[in-house]
Amino acid sequence: MAGGLARLTDELGILYGGDYNPEQWDREVWREDVALMREAGVNLVTVGVFSWSHLEPRPGEYRFAWLDEVLDLLHDAGIAVDLATPVASPPPWLGHRHPESLPTTADGTVLSYGSRNQFCPSSDAYRTAAVAIAEQVAARYARHPAVRMWHAGNEYGQVCFCDRCAERFRDWLRARYGTLDDLNAAWATAVWSQEYGDWAEILPPRVAPYHHNPAQELDFRRFGSDLLLDLYREQKAVVRRHDRDRPVTTNLMGFFGGIDPHDWRADLDVVADDAYPDPASPDAAADAALVNHLARGLAGGGSWLRMEQAASAVSWREHNLTKSPERLRTEVLQALAHGCDGALFFQWRQARSGPERFHSAMLPVAGADTAVHQGVRSLGAELRALRGLVGEPVHRRVALLWDWTSWWAATQVALPTARLDPLATLQAWHRELWRLGVVADVVPADRADVALHDYDLVLAPAQYVLDNDSAARLDAYVAGGGHLVWGPFGGVADGLSHLHAGRSPAPLRHVLGVSAEEWVPLPDGGSAVAWSGAGVEGLRGTAATLGERTRSDGADVLATYDDGPLAGCVAVARHAHGSGRTWYVGTALAGPAGGLGDVLRAALDDAGVPLGGQGPGVETVWRGGVLVAINHADRAATLDLAAARAVGPAAVRDATVPTDVPTDVLTDLLTGARHDGSATLPLAPYDVVVLATGRP
Ligand code: GLA
Ligand code: ZN
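Residues numbered from 1 in each chain as written. Chains lettered and ligands numbered in written order. Predicted model: local features only at pLDDT ≥ 70, side-chain atom pairs only at ≥ 80, totals over all residues. Heavy atoms only, no water.

**Topic: the confidence of the model for the protein chain**
Summarising the model, the protein chain shows a mean pLDDT of 96, and 98% of its residues fall at 70 or more. Of all the helices and strands in the protein chain, helix α19 (residues 650-653) carries the lowest mean pLDDT, 70, while strand β2 (residues 44-47) carries the highest, 99. (pLDDT = per-residue confidence, 0-100. Helix = DSSP H or I, 4+ residues; strand = E, 2+ residues; numbered from the N terminus.)

**Quick notes on helix α15 (residues 468-479)**
Taking 1.5 Å of rise per residue, twelve residues should cover 16 Å, and α15 covers 16 Å from first to last C-alpha, within 8% of that figure. Listed as buried for α15 are S470, A471, L474, D475, Y477 and V478. Down the axis of α15, the sector holding all buried residues measures 165°, keeping them to one side. Facing away from the buried surface of α15 by more than 90 degrees, the exposed residues are N468 and D469. Check the buried side of α15 and you find it contacts β10 (398-401), β12 (457-460), β13 (483-486), α16 (509-512), β19 (570-577) and β20 (580-585). With a side-chain oxygen lying 3.2 Å from the backbone nitrogen of D469, the N-terminal cap of α15 falls on D467. (Expected span 1.5 Å × (residues − 1). Buried < 20%, exposed > 50% of the residue type's maximum accessible area, 1.4 Å probe, protein only. Arc of directions from axis to C-beta. Contact = heavy atoms within 4.5 Å. Polar contact = N/O pair within 3.5 Å; in protein donor to acceptor, adjacent residues only side chain to side chain.)

**A closer look at the coordination of the zinc ion (ligand 2)**
Protein coordination at the zinc ion (ligand 2) comes from C120 (SG), C160 (SG), C162 (SG) and C165 (SG), with a distance range of 2.2 to 2.3 Å. Taken together, the four donor atoms surrounding the zinc ion (ligand 2) define angles of 99 to 115° at the centre, an arrangement classified as tetrahedral. Coordination of the zinc ion (ligand 2) draws on donor residues from a single chain, spaced C-x39-C-x1-C-x2-C in sequence. Of this pair, C120 sits in the loop between α5 (92-97) and α6 (124-141) while C160 sits in the loop between β4 (147-152) and α7 (163-177), placing them 40 residues apart in sequence. Across the pair, C160 and C120 agree in class, each one buried. (Donors = N, O, S within 2.8 Å, 3.2 Å for Na, K, Ca; no water. Tetrahedral: all angles 85-135°; square planar, octahedral: opposite > 155°, others 65-115°.)

**Concerning the packing of aromatic side chains**
Summed over all chains, the structure comprises 25 aromatic pairs. Ring plane angle 25° and centroid distance 5.6 Å describe the contact between W192 and Y210, whose orientation is recorded as stacked. In this pair, W192 is assigned in the loop between α8 (180-187) and α9 (214-242) and Y210 in the loop between α8 and α9, connecting sequence segments 18 residues apart. When its relative accessible area of 52% is taken as the criterion, W192 is described as exposed. When the ring of W404 is compared with that of W407, the centres are 5.5 Å apart and the planes differ by 80°; the resulting orientation is edge-to-face. (Phe/Tyr/Trp six-rings, centres within 6.5 Å; stacked < 30°, edge-to-face > 60°.)

Written as structure tokens, this is what we have:
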């Protein structure tokens, strides 16, 4: 159901709140919670995610009075509820009575209860019990006025290698391949004497003496994602029997490898994502942006919801840095700029007990008289003032290609190098874009429903897998006038991890005008790269990790390797194809001059995409007619409004917004201050300004 999020935000404005776990507290605390939530501007809480044992202490014995009371309390206070089906953490009785409901690891270890998430996704006992408790919850609360959204499970990601999962895997393979002959062909089981003569012989990739069959591994990943999707659908179907229209969702985890979210998005009424940027990372702001761009890509370019984040520290890293309220504010408003229409947290009240007792919350264990909570309150007030941004489109003209098949396949064992991490490559390319002030959607190459033509420039930093259909779409995109930048070790394999035959990237070499015959890991220290093409002479760069023995088949050579095993081969090239243009970057390219940033800048220029960079750490994003400028750095900066307006949407650039306030005047939505459109504004460390063109 499209528009699931709009149903909430139309009524509530920007969503603000978090996971609320009242089962951990007594009644007096609930009352205090609700009062403090109101003061903090909380309008939505997620209830019941881990409440199964509290709702059903023994099989079939239900205890709902406490939840009735909590939902009534919240409703009386005007706080809406995202109600969970509490199936992420089964109670001990399930594992005790049905040990086969517990998950088994690849080495045969059965995982115990006493933690959370301990279920085998194929277990009938688990599924029956999960459907039963969901049925009870949905039947009882479908008409409760507090409930506005449903939250099935939590962060689906379980993997199991048990016999029952093996059976289910075989069913999945039968449906995919039909016959054993076809499966044997697809998996190339003639390699290493793996030909299957009976379906019963096929297993998940359990611990084995040496490397697994890569095609089998990839199919097991797909199967695992589909199996969890079945579970989610089962839960959603239960809810739908009682509530035909309120949105149902579950929380995704950004770049989490366990499920392919592109297969899930049609079943998610709201794209909801959990994110915990590491405050210790110097690239935290850029990488957080990338996660937001993925969520927006999944939402088809529309609005999405941050379902969970930390108000300050998490407790699951080795060393958990805290986050100042100012820094938290930059993260929340950054997400808002990137199309997020709600800021929810894990969790409302910090736990005093259990493994997450040191995890921060909107209300710390030290109480309301704390910097964290006061920051949460002022942020709540600011979000109310920014309601006008809800549903507004994010201005972007660039796409970054990224799909799970490629990620899974490029992280298998026995590659030319284990050091070319595809996610690190994606992040490295995106960090350059971020520094250049360019916002990009993260979209999959392997789905036909992505409208590449909506983008002026498409970047493929780590497209290891490229099937023929995806290659044909990229070909048509470029031929029709699109611009494509192609990264290293791309188009190497098909969707089953088999290498394409012929010079690489076989399905796309005619589009790129180059071809490679060998993948060549580079010595530590890398190789020098000399730039020689028109306009780039004299630049110097370094190629790291891996290059390709590439020649030009008609492309203009911009840079070649100067030394090392690839001396004389093409490192960077540009090619005209149809009415469009391609750039080939065959290695991990570092600066200072002649690095990746230089290539991307040239490609952006070529594609007519303006750069919005405002200096180190300053990010500017246009959402609708609103400019969000964020100083992510711990030092003062400035914002050049004329430059920021020049890269905004055409309506802003052309000053055609119909309004009685001239578009060259911007109004600060948080302070009411007006600024001349050519002013330069000071930005304090970690400051954010939200400026509307025209009448706010
Ligand atoms: C995820 C989970 C939460 C909680 C947080 C801690 O978001 O969904 O239940 O464990 O991590 O960061
Ligand atoms: Zn299992």
